[in-house]
Amino acid sequence: MKLALKIAWRFLTSSKGQTILIILGIAIGVSVQVFIGSLIAGLQQSLIDTAVGRSSQITIRPVNRDDRIPDYEAIITKVKATEPEINSISPVVDSSAFILANDSTYPTLLRGLQFDTADGIYRINEGILEGKLPTGDQVMLGKEFMDEAKLKVGDTISLVTASGTKRDVTVSGIFDLGVANLNKNWALSEMGLVQSIFDLGDQVTSIESQVSDVFTADVVGANIQKVVPSSLKVENWKDLNASLLSGLNGQSISSLMIQVFVLVSVVLGIASVLAISVAQKSRQLGILKAMGIRDRIASLIFLLQGFILGIFGAILGVGFGLGLAVAFTKFALNPDGTPVIDLFIDPQFIAISALVALAAATLAALIPARSSSRLEPIEVIRNG
Amino acid sequence: MANVISLRNVNKIYGTEIKTQVLYDVNLDVEENSFSSIIGQSGSGKSTLLNIIGTLDKPTSGEVFINGIRTTEMKKDALAKVRNETIGFVFQFHYLLPEFTAYENIIMPYRIKGDAITPEVNERALELIHLMGLDKVKDNRATKMSGGQQQRTSIARALINNPKIILADEPTGNLDSDTTEKVYDLMRDINDKFKTTFLVITHDPRIAQKTDRIIEIKDGRISLDLVNQIA
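Residues numbered from 1 in each chain as written. Chains lettered and ligands numbered in written order. Predicted model: local features only at pLDDT ≥ 70, side-chain atom pairs only at ≥ 80, totals over all residues. Heavy atoms only, no water.

A. Up close: the pairing of strand 5 (residues 138-142) of chain A. All names here are of chain A. Taken across its five residues, strand 5 has five buried, putting it largely inside the fold. Bridge analysis of strand 5 against strand 7 (residues 166-175) gives five bridges, and the strand direction is parallel. Paired with Leu141 across the strands is Ile174, a residue of strand 7. The pairing of strand 5 with strand 8 (residues 186-190) spans two bridges and is classified as antiparallel. The residue bridging Met140 from the neighbouring strand is Leu188, located in strand 8. (Buried < 20%, exposed > 50% of the residue type's maximum accessible area, 1.4 Å probe, protein only. Helix = DSSP H or I, 4+ residues; strand = E, 2+ residues; numbered from the N terminus. Pairing = 2+ DSSP bridges.)

Set out below in structure tokens:
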């Protein structure tokens, strides 16, 4: 083993140009893999984040549209106890209403929130552009709405319900949740305000939550369904976003395909170079065999060459790939200076890419290793 | 004295469709500690004979005994062991490993044997290097040495495992006459000092005349086998 390693190492270092070329070949393959993998993962992450990051991933609501949830606190306690995957859960009172401002009427979704728990889902505190969270007879409105209605913080507006009830409130602040549609259509307030306008007592219309791993939402949702009263239904984002999911899936598969083909080209590259190297070294192999080296050791020389090339190629490739990724986040920027896509660097994925390349390099060396084992010393001795 | 090499009715035929017989019923015994030469024209079959003795080639029929062991039916790994421990080869084109230094080439058969390098072996290698006059070039790559130095390196390599037999195929074939003389004298010294059996193919009648026994091969048969009284 030691001898085979020594010979393998010497063979590699004595034809440096060839060795460097093949290491570069492997490295570029690995770096493409690392880069594409991180890019696609980052893309998916940001897509999911945009789609469901600032929204309820599992929502508990009454089966009948007009029903309310009276004992929501008990339900929340129970859900938290059964599902540790839930990291934020918050009651909501939603109702449609109209906003009367500057002689114009705008339809709106009046959302009564419990701000301390709702912040875990909507990250409202991060999204406050101006002013503060509403208390009492105050609402907070979105950036786009404020622009459209030409309002500013401190202005008074009227909330009008479908049944004609009217309540004057002041604008406490402006929020930006990153989605224009929400900024335009949502009016946020404390739960108590909505409950009193609509005369709901201490009932809520739904319970919203987020889970730690978004892709488990369906499983978690099903578990929750078992512990809540049958008058309530549990919805999860996956059921409501089937097309997004199939898009993500397609992306994952295409990313996998790219990686497989890169891998195949790396394997072919190594196998062909090592096969040539066996031909180049057949004289040396003949001498070694005449001196009594066993076939197994002779094969091992070439397997180890593949392994060594794989190690260096993988290390260099991971370096290149990460470098490429960092360069991409530094140079491919949005007008505001943030990266176009935040790459997702997953050490486990990178380790797997490197190991697969290493295994592929060693495997590719099997063919030349076999042919070196078959070589008869007499062929070399007889033919000079 | 005991025979270290015995050939019994060895035939060698090359090719499957067009058959060419190279050796015809060759019988040969070589005694321990002897220094014999094989002469003959090109194509007479002398190299084939040497390769068969060295277990590099297999006879089509007949038996080969090396040091009393029948090698004709042995497996590849077992043959490799015989070559490594019992036989040392010296070829015309010296066949050193160009990636390794003179010292590393010399020690290679010992490393192939698989034992750890002991101070004694290192000393033996250095002694052989000294004996061959290679002290100055021992750390040179094989390609950075003259033809004579390379050939002396390959003789030292053949000797490192202290083999019973040295098989040499025109060891001085591409060396000038002065160097030829020196290499021959060295082999003769080793034959005396280490009691190693030498079987040497040569074109050079002057070399042949200095050996203990001259075997002439003609058309695949031993045509002459005489004990040299002059040497």
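B. Region of interest: the interface of chain A and chain B. Taken together, the contact pairs 27 residues of chain A with 26 residues of chain B. A combined buried area of about 2500 Å² lies between chain A and chain B, and 62% of that area is made up of carbon and sulfur atoms. Contact with chain B buries surface across chain A, with Arg10, Met291 and Ile381 of chain A losing the most and accounting together for 25% of the total. Summed over the shared surface of chain A and chain B, the number is five salt bridges. Here Glu104 of chain B ties to Lys6 of chain A by a salt bridge, and the two come within 3.6 Å at their closest N and O atoms. Of all the elements, helix 1 (residues 2-14) of chain A adds the most residues to the side of chain A that touches chain B, at seven residues. Partitioned by chemical class, the residues of the side of chain A that touches chain B number 12 nonpolar, five polar and 10 charged. (Contact = heavy atoms within 4.5 Å. Buried area = accessible area lost by both parts, 1.4 Å probe. Salt bridge = Lys/Arg side-chain N within 4 Å of Asp/Glu carboxyl O. Nonpolar A, V, L, I, M, F, W, Y, C, P; charged D, E, K, R; others polar.)

C. Molecular detail of the side chain of Gln259 of chain A. Secondary-structure assignment places Gln259 of chain A in helix 10 (residues 242-280). The residues touching Gln259 of chain A, leaving out its near neighbours within four places in the chain, are Gln33, Gly37 and Phe349 of chain A.

D. How the structure looks around the layout of surface pockets. Residues and elements named next belong to chain A. Looking at the largest pocket, its volume works out to about 690 Å³. If you go around the largest pocket, you meet 32 residues; those closest to its centre are Arg61, Asp94, Leu109, Thr205 and Ser206. Within the residue set of the lining of the largest pocket, elements represented by two or more residues are helix 2 (16-53), strand 1 (58-62), strand 2 (86-101), strand 3 (104-113), strand 9 (206-211), strand 10 (232-236) and helix 9 (237-240). With four residues, strand 1 is the largest single contributor of residues to the lining of the largest pocket. Considered class by class, the residues forming the lining of the largest pocket number 11 nonpolar, 11 polar and 10 charged. Considered as a void within the structure, the second largest pocket measures approximately 520 Å³ in volume. Taken together, 26 residues form the lining of the second largest pocket, with Ala41, Gln44, Gln45, Ile48 and Phe215 sitting closest to its centre. When residues of the lining of the second largest pocket are traced back to their parent elements, those giving at least two are helix 2, strand 9 and helix 10. At nine residues, helix 2 tops the list of elements feeding residues into the lining of the second largest pocket. Looking at the lining of the second largest pocket residue by residue, the class counts come to 11 nonpolar, 13 polar and two charged. (1 Å grid on protein atoms, 1.4 Å probe; cavity = no way out; pocket = protein on both sides within 12 Å on 5 of 7 lines; lining within 4 Å. Points joined across faces, edges and corners; volume = space filled by probe spheres on them.)

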